[in-house]
Each structure stands twice: as C-alpha cells, then as structure tokens.
Amino acid sequence: MDIIKYLSIPNFFNAPLAVRSIPRILAGFPMSIALTAISFILALILGLFLTLAQLSKRKWLHYPARAFISFMRGVPMLVLLFIIYFGFRADALPAAVIAFTINCSAFVSEVYRSSFSAVDYGQWEAAYSLGLPYRKVISKIIFPQAFRIAIPALGNILLDLFKGTSLVAMITVSEMFMDAQIVAGANQDYMTIYITIAVIYWFFCWLMTIGQTQLEHSLAK
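Quick summary incoming for the structure in this document. Please read these numbers as outputs of a predicted model, since none were measured by experiment.

### What about the packing of aromatic side chains?
- Following the criterion strictly, the structure yields twelve aromatic pairs and no others.
- With 6.0 Å between their ring centres and 50 degrees between their planes, Tyr190 and Tyr194 make a pair best called tilted. Placement of both Tyr190 and Tyr194 in helix H9 (residues 190–220) is noted, with a separation of four residues, approximately one turn of the helix.
- Ring plane angle 15 degrees and centroid distance 6.3 Å describe the contact between Trp202 and Trp206, whose orientation is recorded as stacked. Taken together, the positions of Trp202 and Trp206, both in helix H9 and four residues apart, correspond to about one turn of that helix.

### Concerning the pattern of salt bridges
- Counted by the stated rule, this structure contains five salt bridges.
- The partner of Arg73 in a salt bridge is Glu110, and the shortest N-O contact between them spans 3.3 Å. Of this pair, Arg73 sits in helix H3 (residues 59–74) while Glu110 sits in helix H5 (residues 92–118); the two residues are 37 residues apart in sequence, bridging distant segments of the chain.
- Arg73 gets classed as partly exposed once you look at its relative accessible area, which sits at 43%.

About the thresholds
- Residues numbered from 1 in each chain as written.
- Predicted model: local features only at pLDDT ≥ 70, side-chain atom pairs only at ≥ 80, totals over all residues.
- Heavy atoms only, no water.
- Phe/Tyr/Trp six-rings, centres within 6.5 Å; stacked < 30°, edge-to-face > 60°.
- Helix = DSSP H or I, 4+ residues; strand = E, 2+ residues; numbered from the N terminus.
- Salt bridge = Lys/Arg side-chain N within 4 Å of Asp/Glu carboxyl O.
- Buried < 20%, exposed > 50% of the residue type's maximum accessible area, 1.4 Å probe, protein only.

Next up, the structure:
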C-alpha cells in the first residue's frame, strides 16, 4: 500500500481506496456475467427466429418481425428496462433478463440477416438440389457458415451487453456497478470508485475480445 499511494492524484483518485475496493466490487461479478450469458444465449436463439421471419415470403411473418426489430433498435435499453420493471411490475432479475434478451435479439437478428446474405447463393441451390428440406438447409448448410461470418459482430453485441448490465443497478439488482455505488457512497469518493469500475469493465471486455479472437482463429482452421 505504501507504493500504491504514490499512484494517487490529490482530489481526484485515491489509489489505496481503489485497490481495497476491488474485492467488494467484484462480489457483483457473478451476477453481471450470469445476466450477460443468459441474455446473450437467449438473444442468439430469438434472433435466429427473427431472422428467419424476416427472410420469409409470408407477409404475416416478415412485417411483424421487421417492426419488432425496428422498435427494439430504436428504444434505449434503460427505457425498456423501466417499462418491463415498473410498467409490468416484473421482479427485478426476470425484468433484466427479458429486457436484455429482446433488445439484443433485434441487433443479433440484423447481424444474422447480413451473414445469411453473405453466404453464397450457390450453397442454397446445391442444398435444394439434393432434396433437403428448408429446416435442414438452414441448420446444416447455411447457419453454420453464417454464424462464422457473424462472430465479429456478435462479439461487439456481447461486449455492449456486458457493459449494459450496469443499468440493472437502477432496478436494485446487485451487480458490479451497484456494489461500486455502495462503496463510493460509504467512502464519499465517487471519482475514485468510478475510475476503478471503469478499469474493471475494460479488463473483462479485453478478456472477452481475446476469447473472440481465439474462437475466430479456431473456426478459420
């Protein structure tokens, strides 16, 4: 701690306090990562169905899917979170998962749609010429190729979702940012703690980016 104190900036950043606060802030990490993982997996699934609806020639599927995606992409996450939590009186944790899932699914769907379009049309023709049904064409031929193309964009969505979990502090879910606010209030040093939590979020996003890069290299082989 004697060395760390020299990293402090008077009236701006208290380095010893930052270091002491890290374990308390990280107590909320399991909630942050759980919200991210559950919501992202559900968004991947819902986004695929939305994409198939967008690509459908049936108007009763195509237009509602487009309207849903347009609305979700245009509504701030915090507003959606408040509508579900306060408007529908949902419990805080389910409200967070629902809000994150349906919001992210719209962005995931747009990524899938562009990735589906990037798959060579000859792949579709070859699959149909073999007599494969639509379901198998999608699941066995098109989606595996489209998913590989989509990974960089999906990685960005995942990072945004992880950072967005900080919003659930507004509806009393105890995750990293809420724990950081508690520490900041107890010590009356908001700047130090906000800088600390910023570095913590950056660190985990950096690790996710490394994981994404490794996955891309693995699939490229």
